[in-house]
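Residue strings, one per chain:
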Amino acid sequence: MTNRLDTWAMRQAMTNYNLHGYTVFKEVLDRELIQDARNHVDWLLHKNPDTRPEQLHHFLMQDDPFWVRLVSDDRLLDIAEKFIGPNIALFASHYIAKAPLDGQAVLWHQDGTYWPLKPMEVVTFWLSIDNSDRENGCMRVIPNTQATRLFSEDELQQKDDGKNVLGSGIDPALLDVPKAVDVVLKAGDVSVHHPNLIHGSHANTSARWRRGLTIRYIPVTTRIITKELHPSAFVLRGQAVPNLNLYNPWPKYVAGKHMRFKGTEEWNVRCAQVNAANAGFITGSK
Ligand SMILES: O=C(O)CCC(=O)C(=O)O
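Residues numbered from 1 in each chain as written. Predicted model: local features only at pLDDT ≥ 70, side-chain atom pairs only at ≥ 80, totals over all residues.

Undergrad: Looking at this structure, how should I read the site of the ligand?
TA: Contacts to the ligand come from I96, V106, D111, T124, W126, M139, H199, S201, G212 and T214. Within the residue set of the shell around the ligand, elements represented by two or more residues are β5 (123-128), β11 (198-201) and β12 (210-219). Taken together, the residues of the shell around the ligand break down into 4 nonpolar, 5 polar and 1 charged. (Near = placed C-beta within 6 Å. Helix = DSSP H or I, 4+ residues; strand = E, 2+ residues; numbered from the N terminus. Nonpolar A, V, L, I, M, F, W, Y, C, P; charged D, E, K, R; others polar.)

Undergrad: Explain the pairing of strand β10 (residues 190-193) to me, please; I cannot follow it from the model alone.
TA: Within a regular beta strand, the side chains point alternately toward one face of the sheet and then the other, so they alternate between its two faces. Both faces of β10 are covered, namely the face carrying V190 and V192 and the face carrying S191 and H193. In terms of strand pairing, strand β1 (residues 22-25) meets β10 through 4 bridges, oriented antiparallel. Following the sheet pairing, T23 is matched in β10 by V192. Where β5 meets β10, 4 bridges bridge the pair, whose relative direction is antiparallel. In the sheet register, F125 faces β10, and the bridge partner there is V192. (Buried ≥ 20, exposed ≤ 12 C-beta atoms within 10 Å, placed from the backbone. Pairing = 2+ DSSP bridges.)

Undergrad: Any chance you could explain the pairing of β11 here in plain terms?
TA: Side chains of β11 alternate between two faces, with I198 and G200 and H199 and S201 buried alike. As paired strands, strand β6 (residues 139-142) and β11 are joined by 4 bridges and run antiparallel to one another. Paired with R140 across the strands is G200, a residue of β11.

Shape descriptors only; they carry no functional weight alone.
What follows is the structure, given as structure tokens:
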């Protein structure tokens, strides 16, 4: 835990989250790492030329050291610890990158609707990789909706026409849309939201990119209910608990196969340590 977070600002952020269902942390990650994240989006798009930039999902990154390095950054985990305690796993994470004048909207939804988690103890971090504002399609939230019951998938309107990121959403007529606020962020800032909070985003109508990384952290006591190993289940800090989830090994960096990033030399040593510490909960090793 850094001193920077032991401040009035941290307490204020937690108060906002508890009152309104979301909060913002400014200047969490440095420019150099954010530039690496932009390079990573480019690298992924080059590797997956048929994938839209809004759909750079975790299954494309299961064996991707830079992605695991990014979501396990101590500055993010120090904040996550305040929400979910010291034993932290990743449930899911993907880039929603909206290209200039082309990036799609995200319909109103609650994250928890889609997730096989029990209990629904999970927190979403949204890492801004570009400055993100109304014109380039920043996230929009309806504050104070975190106590709303979770809509089921059957209750959503289906809009599976390939023109928006999710393919379904809550009927806006059921929502107090005029109360929605834009979550305007600078690159390196992070917003945090509750799984029941109603949120979405507009299309990117600007000539600028809007790249963001969603990161869903769970305490290791939350069960991921899937038959197979979930591709983005990783223990990120602390210790897993027995008889609950299986996790992926942290992927080692292999030159020529993975994107190079600052710190690759130390990365493989760190992977070996983390994988050894949670060996009983990890399937195979890479
Ligand atoms: O990136 C966006 O515009 C929306 C993000 C979102 O819906 C989420 O993080 O759950």
